[in-house]
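Understanding the architecture of this molecule
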Amino acid sequence: MTSENQELRKAGLKVTLPRVKILQILESDGTHHYSAEEVYKTLLEQGEDVGLATVYRVLTQFESAGLVTRHNFDGGHSVFEIDRGEHHDHMVCLESGKVIEFHNDEIEELQKRIAEEHGYELTDHNLVLYVKPKK
């Protein structure tokens, strides 16, 4: 049994060809953040007959099952990445749209300290830095 089949079953999803193909695309590059349209275009390039509505539906199912995380970086445009359970933050290049993942222990500690200074315990956060190349 392939790892994709096992992941789908573990998430409580029935193994179907569209689900397997979409999961393979998302797992093919561990740092890429795919829009539904990019997944659909990749499927077309691979000769797969999967509709855009199916791609949206499967990505939403994956999100509900905890397989992927949805991000809305720019103007409500959603992108998806495999949820590997490891926290990281993002930088988004305003010129190219490229998404860069990073982790910084100093930033993590500072956020916890700020929450504590205001009488709170930090339970989760989402940090996105919008950047542009230096000229």
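Residues numbered from 1 in each chain as written. Predicted model: local features only at pLDDT ≥ 70, side-chain atom pairs only at ≥ 80, totals over all residues. Heavy atoms only, no water.

Put simply, the rule is: UniProt positions are given in the numbering used here, feature names are shortened, and annotations may be inferred rather than shown by experiment.
Looking at an unreviewed UniProt entry, one finds the protein named Ferric uptake regulation protein, with Simiduia curdlanivorans as its source organism. UniProt, in its Sequence similarities (unreviewed entry) section for the protein, records the words "Belongs to the Fur family." Taken verbatim from the UniProt record of the protein, the Subcellular location (unreviewed entry) comment is "Cytoplasm".

Things to note about the packing of helix α1 (residues 3-10) against helix α2 (residues 17-28)
Packed helix pairs are characterised by how far apart their axes lie and by the angle those axes make with each other. The cut-off we apply is this: All axes here are fitted lines through C-alpha atoms, helices being fitted over the stretch that makes contact, and every angle between N-to-C directions spans 0 to 180 degrees. Secondary structure elements follow DSSP: runs of H or I of four or more residues count as helices, runs of E of two or more count as strands, with numbering from the N terminus. For this classification, under 35 degrees means roughly parallel, over 145 means roughly antiparallel, 65 to 115 means roughly perpendicular, and everything else is oblique. Any pair of residues with heavy atoms lying within 4.5 Å of one another is described as a contacting pair.
Closest axis-to-axis distance for the α1/α2 pair is 10 Å, and the angle between their directions is 110°. The orientation of α1 with respect to α2, classified from their angle, is roughly perpendicular. Between α1, through E4, N5, E7 and L8, and α2, the contact on the second element is made entirely by R19, V20, L23, Q24 and E27.

A closer look at the side chain of E48
Applicable threshold: Summary of the burial criterion: residues with accessible area below 20% of their type's maximum are buried, those above 50% are exposed, and those between are partly exposed, where the area comes from a 1.4 Å probe applied to protein chains only. N or O atoms closer than or at 3.5 Å make up a polar contact, with two conditions inside protein: a donor-capable atom paired with an acceptor-capable one, and, for residues adjacent in sequence, both atoms drawn from side chains.
The topology assignment puts E48 in the loop between α3 (36-45) and α4 (52-65). We classify E48 as buried; its relative accessible area is 19%. Polar side-chain contacts of E48 include one of 3.4 Å to the side chain of K21. For E48, the contacting residues outside a window of four places in its chain are L17, K21 and L43.

Focus on the pairing of strand β4 (residues 99-102)
The condition that has to hold: For two strands to be treated as a pair, DSSP must find no fewer than two bridges joining them.
As judged from the 4 bridges shared by strand β3 (residues 89-93) and β4, these two strands associate in the antiparallel manner. By the bridge assignment for β4, H90 is matched with E101. Two successive antiparallel strands, β3 and β4, enclose a turn made up of 5 residues, where G97 displays a positive phi of approximately 80°.

A few points about the nonpolar core
Convention followed: We define the nonpolar core as a collection of buried residues of types Ala, Val, Leu, Ile, Met, Phe, Trp, Tyr and Cys that are connected through side-chain atoms lying within 4.5 Å of one another.
Counting residues in each nonpolar core, the largest one holds 20 residues, and the members touching the most others are I22, L26, V39, V55 and F62. Of all the elements in the fold, those that place two or more residues in this core are α2, α3, α4 and β2 (77-82). Here this core gets 5 residues from one element, more than from any other, and that element is α2. The residues touching V55, leaving out its near neighbours within four places in the chain, are I22, A36, V39, Y40, L43 and V50.

Considerations on the pattern of salt bridges
For the record, the criterion: A pairing counts as a salt bridge when a side-chain nitrogen of Lys or Arg comes within 4 Å of a carboxyl oxygen of Asp or Glu.
As enumerated under the stated definition, the model contains 5 salt bridges in all. A salt bridge links K135 to E95; its shortest N-O distance comes to 3.4 Å. Residue K135 is located in the segment after β5 (128-131), and its partner E95 is located in the loop between β3 and β4; the two are separated by 40 residues in the primary sequence. Of the two residues examined, K135 and E95, each falls in the exposed class. Among the ionic pairs, E109 bridges to K112, the shortest N-O distance being 3.7 Å. Note that E109 and K112 are positioned in helix α5 (residues 105-117) at a spacing of 3 residues, about one turn of the helix. Since its relative accessible area comes to 45%, E109 is described here as partly exposed. What makes K112 partly exposed here is its relative accessible area of 40%.

A short note on α1
Condition: Here the arc refers to the directions that run from the helix axis out to each C-beta atom.
Every buried residue belonging to α1 is among E4, N5 and L8, and all of these are buried. Seen from one end, α1 has its buried residues packed into an arc of 100°, which puts them on one side. On its buried side, α1 packs onto α2 and α4. G12 lies just past α1 and shows a positive phi near 80°.

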